[in-house]
Amino acid sequence: MQGRLDMEGALTARDRVGIQDFVLLDETTEVAVISNLKKRFSKDLIYTYIGTLIVSVNPYKDLDIYNKKQMDVYMGVNFFELPPHIYALADNAYHTMLTEFNNHFILISGESGAGKTEASKKILQYYAVSCPSTTLMNTVRDKMLMSNPVLEAFGNAKTLKNDNSSRFGKYMDIQFDSQGDAVGGHILNYLLEKSRVVHQNHGERNFHVFYQLVEGGSDDLLTQLGLERDVQHYYYLTQGECAIVSSINDKNDWKSVKNALQVIEFDETNTNHLFRVVASVLHLGNVHFDPDSKGHALLKNNTELNWVSDLLGVDANNLKEGLTFRKIEAKTEQVLSPFTIDHAIYVRDALAKAIYGQTFTWLVNRINESMENKDSSRKTVIGLLDIYGFEVFYVNSFEQFCINYCNEKLQQLFIQLTLKAEQEEYEAEGIEWEPVQFFNNKIICDLVEEKHRGIISILDEECLRPGDATDLTFLDRLEEKMGNHPHFVTHRLADKMTRKTLERGDFRLLHYAGEVTYCVVGFLDKNNDLLYRNIKNLVCQSKNTIVRECFSAVDTTNKRRPETVATQFKNSLQKLTEMLMAKEAWYIRCLKSNESKQPGQFDEALIRHQVKYLGLMEHLRVRRAGFAYRRKYEDFLKRYKPLCPATWPHWRGMPADGVEVLAQHLGYLPDEYKMGRTKIFIRHPRTLYATEDAYEKCKHDLASKLQAKYKGYKVKGEFKKQKEAATKIETCWRGAQARKEKEKRAWAVKVIKKFIKAYINRGEAKSTDNSEYLAFVRQSYLNRLKNNLPKTVLDKTTWLTPPAVLTEASEILRKLHYRLMVRKYVRGIPPQKKAQLQMKVVTSAIFKGKKENYPPSIPQLFLDTRISEQEINIRVLSMIRNEQIKYSVPVIKYDRNGFKPRPRQFILTKTAAYLVEEAKIKQRVSYNSLQGISVSSLSDGIIAIHITCEDPKQKGDLIIQCEHLYEFLTKLSIIANKQDAIKVVQGSIKIKIQSGKESSVDFTTGQEPMVYKAKNGHLMVVATRTRTR
Ligand SMILES: Nc1ncnc2c1ncn2[C@@H]1O[C@H](COP(=O)(O)OP(=O)(O)O)[C@@H](O)[C@H]1O
Ligand SMILES: [Mg+2]
């Protein structure tokens, strides 16, 4: 609802000058309508809506409302959201076409000079700029745009009504693909006013192209074509006496035409031939006939004729003959009958008209070829109908008759599609309705076109009738047949008052747009549009390709009369109407603001007249009372059902009920819509636009929802697929695994069986049965052995028990291994430790198992000495230095007499042992005199050194006690080389004290170690017991 309020606010804001849509006027009077138009016109607001119809008033001045910026503003915006503009209509038609994928047409109507052609160009430009584009389409687009200046040059002329009046009818289809790209175009042309080529009324011109060529063509070109740069020189250009007009710049226009020809892909030959045709017409106009003595036409000066023959590529003599003689084919021979001057001029003009007219058609065909879209995919089109407007001149002839008939037809179409059809529809749909009265011009259309009774039929009859039918006999026949038709009047039929305004050769039609008096002169000729056969044959052989193409298409051998011009025109209009009826219509009604083409002039009477005959008031009334929009229930529901939860995604009931529910849900007010039999009718466009806006929004939401759903679905699918794949792979893998396992087991069973048999026979000699098993046993034992070898020499338990076959090998290996370990161990011993061990070996040899405290002494390391040289008295040192001191140790010496203990140093040299007290050497024992050494088997430190007593000075055996007994004795035994001299004695040790005297050292064990002189005079040694392990 917010949106609706905004829109209404904007609508009123824009209605500053008058009212933008007549539907919103307070009263629907003509006065109100015209005053609104005037108000807006005075502010250069030339467009006003009646619903979706545009009323446009020609401003006769350039307004700055057709630029790119304006186009951008209107692009894709809802119709009523912006001030009225022709772009809004163009855009709306375009978008409706895209959304509904159907065909449309824009009917541009209005009298001559009202602005139809300008309007159609603006629309074309809008599509060219606003539609999406690609390079390919750009060329199509350029061609569509550029076809205009070319067609206007050849088909437009200055008339009294309009300086650029279209003298042909044009219907152009713009083809769009489903993306909305303009991809092609096609033009249908209707009845070119050919008579203008040879004759122009005062104040009018021939077709623009002639003046453009003479004014703008290069000198070279003019020379080539034999033309002079002077429009006054040419008869066909000067009859209106206004060859030069200030509003037209022929020179510049020539340039645009030449440029446009290039864009629409005219090659040089074609362009050249085209210009030759144009020039030939100018030359033809100047072909002058003189009378001979009998009054027959004579061609004295052949210059112009020769140019014509040159430019058209036809034989000059034949041309001359064709222009001055008529060839009558009698039974056996051909007779040439000479023309009067008038007749010759008639033939000349007929040729000029024929050439020009055919060339124009050829031009349209060429343009169509160049714009053709060759792609066969389905297209939708927007047709643009810009046809000559209703016109009334001082003298009106066959052309005006056709033009105004055409306008009657279009008015009829408009009535059919809007007023009549609309009201009939309300009736058919059962919508309550107050009928609006309108003038139906069908009666005039019938007057003109009815079979056998209409003016065209009567004209054709006169044309075909044998005998001397003339324009006047035609008028007689009209009077006969139409005598009392309310829309037909002639001089004879008229009342007194009217008669004054009519000439004898006139008939008057009361057209929907006003009365027009037609002069019958020329009707028959123009309707016949005949070209004598010899002239036709001549141009058929033209060397100018365009001319040849144009005429060879017309079958010259066919003797049946071709259809008359009026009938052709009638038929083509009939076809056009049918074609348009199948499309959706949009209307632009153009109004002329004044007759003098002046800006800023608003001729109220003129406007009122147009408003009236265009039926604008009726249209407005129907619109106001009626409904802007209607749609079949099914279609409406189909489009808008997402807007209501009850109808989305499916409505199960009747479509009409669904639409009702939808309308309620959307909050339509009761007078905003009506429910017909098959359609819903919506009164105001704004209601529909609000709905459409909501739909747009909803579409986006839906789209994202769908997208999300779809994505989810896709991902799920993907996941399922992956999962299935995974399961498949898994099963395959498991299968493969299982098969492998089975094989393995079968193999294992075989092997196990074999091994069991081999195990049973393992004791027997190697045979095929057990060889494998034995090999396995061997290998596996060796493998296990390799990993479980003993790590140290001392480890005697870890050696694996070998199987029977390997007992011997195992033993060898074991020995090898131990040897290897020993070798390794020995190599790893440092020299110092080796010396130590060697000494320990000596010690072991002497004491092992003999002396009680030997085992605990093993780990105690032997030192090099127990007394350093610094601790030995210098005098002693000086005395024994040259003997080399090897080892010194403190000892306690027991006196020989009373066994008193005395601390002494005991020094070993290379040759002798010394007992030293401070600076005195108390005793020297040379190793030679050393007889033996005794120690007890207990754990005391007493040593008895037995010495040879040959020398009287010797004082007998030496009793000492040493803390480092094993070290001392080992060193002594090594230094003195006396290993065998050391004895471990059980019980007592006999000792010699002085020569010949003996004593004894007794050993016992006790709590405390003690050494003392026993009562028996022996030395008593008490040792503690050493705990054995
Ligand atoms: N929208 C417009 N803006 C300015 N001038 C216009 C407009 N429409 C028409 N005219 C003027 O009116 C002249 C006649 O318009 P035209 O479209 O040729 O009329 P029609 O095709 O209806 O006979 C144009 O040449 C131009 O000068
Ligand atoms: Mg026009």
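How each quantity is defined
Residues numbered from 1 in each chain as written. Chains lettered and ligands numbered in written order. Predicted model: local features only at pLDDT ≥ 70, side-chain atom pairs only at ≥ 80, totals over all residues. Heavy atoms only, no water. Helix = DSSP H or I, 4+ residues; strand = E, 2+ residues; numbered from the N terminus. Rg over C-alpha atoms; globule rule 2.2 N^0.38 Å. Buried < 20%, exposed > 50% of the residue type's maximum accessible area, 1.4 Å probe, protein only. Contact = heavy atoms within 4.5 Å. Axes fitted to C-alpha atoms, helices over the stretch in contact; angles between N-to-C directions. Parallel < 35°, antiparallel > 145°, perpendicular 65-115°, else oblique. Left-handed = near helix turned anticlockwise from the far one by under 90°. Nonpolar A, V, L, I, M, F, W, Y, C, P; charged D, E, K, R; others polar. Donors = N, O, S within 2.8 Å, 3.2 Å for Na, K, Ca; no water. Near = heavy atom within 4 Å. Polar contact = N/O pair within 3.5 Å; in protein donor to acceptor, adjacent residues only side chain to side chain. Areas by Shrake-Rupley, 256 points an atom, 1.4 Å probe, with all protein chains shown as cover. Pairing = 2+ DSSP bridges. Core = buried A, V, L, I, M, F, W, Y, C linked by side-chain atoms within 4.5 Å. Lys, Arg positive; Asp, Glu negative; His and termini not counted. Salt bridge = Lys/Arg side-chain N within 4 Å of Asp/Glu carboxyl O. Expected span 1.5 Å × (residues − 1). Arc of directions from axis to C-beta. Phe/Tyr/Trp six-rings, centres within 6.5 Å; stacked < 30°, edge-to-face > 60°.

What follows is about the overall build of the protein chain. Of the regular secondary structure elements, the protein chain holds 35 helices and 31 strands. For 1029 residues, the compact-globule formula gives about 31 Å, and the C-alpha radius of gyration of the protein chain, at 70 Å, lies well above that figure. Overall, the protein chain is about 215 × 75 × 75 Å in size when its C-alpha atoms are taken along their principal axes. Across the 1029 residues in the protein chain, those meeting the buried criterion constitute 50%. Sequence-distant contacts, at least 24 apart, represent 63% of the contacts inside the protein chain between residues at least 6 apart.

Running from amino to carboxyl end, helix α16 (residues 398–429) crosses helix α17 (residues 442–449) at an angle of 140°, the nearest separation of the two axes being 9 Å. As judged from the angle between their axes, α16 and α17 are oblique. Here α16 and α17 pass one another in a crossing that is left-handed. In this structure, α16 uses Phe-401, Tyr-405, Glu-408, Lys-409 and Gln-412 to contact α17, whose residues at the interface are Lys-442, Ile-444, Cys-445, Val-448 and Glu-449. A breakdown of the residues in the contact of α16 with α17 according to their chemical character gives 5 nonpolar, 1 polar and 4 charged.

Each donor-metal-donor angle would ideally measure 109.5 degrees in four-coordinate tetrahedral geometry, or 90 or 180 degrees in six-coordinate octahedral geometry. The protein atoms donating to the magnesium ion (ligand 2) are Thr-117 (OG1) and Ser-166 (OG), with metal-donor distances spanning 1.9 to 2.2 Å. Here Ser-166 lies in strand β5 (residues 165–166) and Thr-117 lies in helix α5 (residues 116–130), a separation of 49 residues in the sequence.

This paragraph deals with the site of ligand 1. Lining the immediate surroundings of ligand 1 are 15 residues, of which Asn-58, Gly-113, Lys-116, Thr-117 and Glu-118 lie closest. Between ligand 1 and the protein, one listed contact pairs an oxygen atom with a side-chain N or O atom of Asn-58 at 2.8 Å. Take Glu-118: an N or O atom from its main chain is 2.8 Å from an oxygen atom of ligand 1. Coverage of ligand 1 by the protein amounts to 86% of the 550 Å² it exposes when considered alone. Its residues assigned to classes, the shell around ligand 1 comprises 4 nonpolar, 7 polar and 4 charged.

Let's shift gears to the pairing of strand β28 (residues 989–993). Alternating positions in β28 separate cleanly, Ile-989, Ile-991 and Ile-993 being buried on one face and Lys-990 and Lys-992 remaining unburied on the opposite face. Pairing of β28 with strand β29 (residues 997–1005), which is carried by 5 bridges, proceeds in the antiparallel orientation. Looking across to β29, one finds that Ile-989 is bridged to Val-1001.

A word on the nonpolar core. With 183 residues, the main nonpolar core has Tyr-127, Phe-210 and Phe-507 as its most contacted residues. Looking at this core, the element that brings in the most residues is helix α15 (residues 341–371), giving 15 residues. Residues Ile-933, Ile-947, Ile-960 and Cys-962 belong to the second largest nonpolar core, which totals 29 residues.

Another point: the side chain of Glu-408. Residue position: Glu-408 is located in helix α16. The side chain of Glu-408 sits in the buried core without any salt bridge; Lys-409 is the nearest counter-charge, 10.0 Å away. A distance of 2.9 Å separates a polar side-chain atom of Glu-408 from the backbone nitrogen of Tyr-512. Apart from the residues within four sequence positions on either side, Glu-408 is in contact with Asn-441, Ile-444, Cys-445, His-511 and Tyr-512.

Right, let's talk about the environment of Ala-566 for a bit. Its location among the elements puts Ala-566 in helix α24 (residues 565–581). Residues Ala-566 and Ala-297, 269 residues apart in the sequence, show an inter-C-alpha distance of 31 Å.

Further remarks concern the sheet that holds strand β24 (residues 930–936). Read from one edge of the open sheet, 8 strands run β23-β22-β21-β20-β26-β25-β24-β27, paired in mixed fashion. Looking at which strands have only one partner, the edges of the open sheet turn out to be β23 (920–926) and β27 (982–985). Averaged over all neighbouring strand pairs, the angle between strand axes comes to 35°, with direction disregarded.

This next bit is on the pattern of salt bridges. It is possible for side chains of opposite charge to pair when their charged atoms get near one another. Overall, the coordinates contain 49 salt bridges when judged by the stated rule. We note a salt bridge from Lys-158 to Asp-163, for which the minimum N-O separation is 3.6 Å. By relative accessible area, Lys-158 is classed as buried at 10%. For Glu-449, the salt bridge identified is with Lys-409, shortest N-O distance 3.3 Å. Placement of Glu-449 in helix α17 and of Lys-409 in helix α16 is noted, with a sequence separation of 40 residues between them. Here Lys-409 falls in the buried class, since its relative accessible area comes to 9%. One continuous salt-bridge network, built from bridges that share partners, spans Arg-167, Glu-193, Arg-196, Glu-204 and Glu-391.

Before going further, it helps to examine helix α11 (residues 250–263). With 14 residues, α11 should cover 20 Å at 1.5 Å per step; its first-to-last C-alpha distance of 20 Å lies within 8% of that length. Listing the buried residues of α11 in full gives Asp-250, Trp-254, Val-257, Ala-260 and Leu-261. For α11, the angular spread of the buried residues around the axis is 130°, confining them to a single face. Opposite the packed face of α11, turned more than 90 degrees from it, sit the exposed residues Lys-251, Lys-255 and Gln-262. At the C-terminal side of α11, Glu-265 shows a positive phi close to 65°.

According to the stated counting rule, one finds 44 aromatic pairs in the structure shown. Residues Tyr-94 and Tyr-127 carry aromatic rings whose centres are separated by 5.9 Å and whose planes lie at 40° to one another, so their mutual orientation is tilted. Highlighted residues: Tyr-94 in helix α4 (residues 86–100) and Tyr-127 in helix α5, separated in sequence by 33 residues. Taking the relative accessible area as the measure of exposure, Tyr-94 reaches 6% and is therefore buried. For Tyr-127, a relative accessible area of 2% gives the class buried. Each ring, one from Tyr-640 and one from Tyr-695, has its centre 5.6 Å from the other, and the planes form 85°; the classification is edge-to-face.

In this section: the environment of Gly-483. With respect to the secondary-structure elements, Gly-483 resides in the loop between α19 (471–482) and β13 (488–490). The spatial distance from the C-alpha of Gly-483 to the C-alpha of Leu-493 is 6.9 Å, given a sequence separation of 10 residues. Those residues in contact with Gly-483 that sit more than four places away from it in its chain are Leu-478 and Leu-493.

Along the chain, Trp-648 connects to Pro-649 via a cis peptide bond; the corresponding omega equals 0°. With respect to the helices, strands and loops of the structure, Pro-649 is situated in the loop between α27 (633–640) and α28 (655–666). Positive phi values are uncommon outside glycine, yet His-452 reaches one of about 65°. Structurally, His-452 is set in the loop between α17 and α18 (455–464). Within the chain, Asp-529 stands out as a residue other than glycine whose phi angle is a positive 50°. Within the fold, Asp-529 resides in the loop between α21 (523–528) and α22 (533–540).

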